[in-house]
Structure formats: C-alpha cells, structure tokens
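Working through the structure, step by step
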Amino acid sequence: NTSYLTTPAPLWTGGPLSVSLWFRMSPPSSASPMLIWQNDDSLVIKFSRGGRSATIRAHAGITVATPMVRSLVWHHVLVTHDGSMSNFYIDGDLLATWEATPGPITATGTFIGADPTNFLMGEMDSLYFFSSVIPGDSFPDLVTGFPAGA
C-alpha cells in the first residue's frame, strides 16, 4: 500500500503539542510502519518492522523498546510535548519521557502514513493534533474514538 496524505505546510511549528491516533499494522513486511513524518524530522512517529521499537520525535527524540505491537490489532498512540519535555504512550501506558531541546522548525510539509521511502502497511484512524498537552490519564476518554468495527 502506498497511500498517504501530505500537508503543504508543517502541522507543528513548536510549542505544546499532542498527537493522538489509532493504528493497526498488516502482518509483518519489509517496511517500517511510518505513521507521521515532518520533512525536517522535528515530528516523527515510526515503528520498526515487526513493531518491537518506536522512533518518536517532538524536536529531539528517542528510540524506545515497545511491548510487541501486534499486527491486525488496533493500538492507540499518544505523544505529548510541553515545550521542553515529551512523553510517549501506547495503549495508555507511559513508555518514555525525555527532555527535548527545541530547535528550528523548517519543514515545508508533513507526510501522514509515509516518509519518502516507507509507508504504513496497515490502517490509521482518528488522528488528532492538539495545540495543548493531553494528560496521559485521559486515555479512557480517548478510547471513545476507537475505530468503528474494531
């Protein structure tokens, strides 16, 4: 599958941010599932092939080991950034917190479901960007956005 969306301008230009989305991967393939990629690498959410680690960036970022992200099962991702600290949650569990030093936002666009060479092999639903920090304990409230038929 090579379907993805692009935006003509960056979706994020610094400051507080929360990204909430549901996704499920197709059975393991040779591609790394790319959920979001801003073309200056200031905003990235990407899972390794097989779903055993994730690269997350809100400015400077990290790669974290994740619980097995099983194929064909819907998972919820929440990434928050308050201007200096970032948090990464999957299925309501806080997996990582890191200090992120803000840098310049130079992106001219954002890819959703791809980067120039990797595509999301699966589905994505209920993608939201907030210009505030969504508390991690709000996961039960975000579940009401669970994809239909899942």
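Our subject is the structure that appears above.
Each residue is numbered by its place in its chain's sequence as written, counting from 1. For a predicted model such as this one, the threshold for reporting local features is a pLDDT of at least 70, and the threshold for listing and counting side-chain atom pairs is 80 or more; totals across whole chains, interfaces and linings nevertheless cover every residue. The side-chain numbers reported here are obtained from all heavy atoms of the structure, hydrogens and water having been left aside.

1. Focus: the layout of surface pockets
Looking at the largest pocket, its volume works out to about 170 Å³. Only protein atoms enter the 1 Å grid used here. Points where a 1.4 Å probe fits but cannot escape make up a cavity, open sets with protein on both sides within 12 Å along at least five of seven lines make up a pocket, and a residue lines them when an atom lies within 4 Å of a point. If you go around the largest pocket, you meet eleven residues; those closest to its centre are Ser3, Ile112, Gly113, Leu120 and Met124. Helix numbering and strand numbering both begin at the N terminus, where a helix is a DSSP run of H or I of at least 4 residues and a strand a DSSP run of E of at least 2. If one sorts the elements of the lining of the largest pocket by residue count, strand S11 (residues 122-130) sits on top with four residues. Residues belonging to the lining of the largest pocket are distributed by class as follows: six nonpolar, four polar and one charged. Grid points are joined across faces, edges and corners, and a volume is the space filled by probe spheres set on the points. Polar here means any residue other than Ala, Val, Leu, Ile, Met, Phe, Trp, Tyr, Cys and Pro, which are nonpolar, and Asp, Glu, Lys and Arg, which are charged; Gly is therefore polar.

2. Describing the side chain of Gln38
Residue placement: Gln38 occurs in strand S3 (residues 34-38). In this scheme, a residue with accessible area under 20% of its type's maximum is buried, one over 50% is exposed, and one in between is partly exposed, where area comes from a 1.4 Å probe on protein chains only. Its relative accessible area of 0% is what places Gln38 among the buried residues. Within the structure, the side chain of Gln38 is placed 3.0 Å from the side chain of Thr110, a separation counted as a polar contact. It only takes one pair of heavy atoms within 4.5 Å for two residues to be counted as in contact. Here Gln38 is in contact with Pro10, Leu11, Trp12, Leu43, Ile105, Ala107, Gly109 and Thr110, once residues within four sequence places are set aside. What qualifies as a polar contact is a pair of N or O atoms within 3.5 Å, subject to a donor-acceptor requirement within protein and to the restriction that residues adjacent in sequence count only when both atoms come from side chains.

3. Some details on the pairing of strand S5 (residues 53-58)
A one-sided burial pattern is seen for S5, the buried positions being Ala54, Ile56 and Ala58 and the unburied ones Ser53, Thr55 and Arg57. A pair of strands is considered paired only if DSSP assigns at least 2 bridges between the two. One ladder, built from five bridges, connects strand S4 (residues 43-47) with S5; its direction is antiparallel. In the sheet register, Lys46 faces S5, and the bridge partner there is Thr55.

4. Structural notes on the pattern of salt bridges
Any Lys or Arg side-chain nitrogen found within 4 Å of a carboxyl oxygen on Asp or Glu counts as a salt bridge. What the rule picks out here adds up to one salt bridge. Ionic pairing is found between Glu123 and Arg24, a salt bridge with its closest N-O pair at 2.7 Å. Of this pair, Glu123 sits in strand S11 while Arg24 is found in strand S2 (residues 17-25), placing the two residues 99 residues apart along the sequence.

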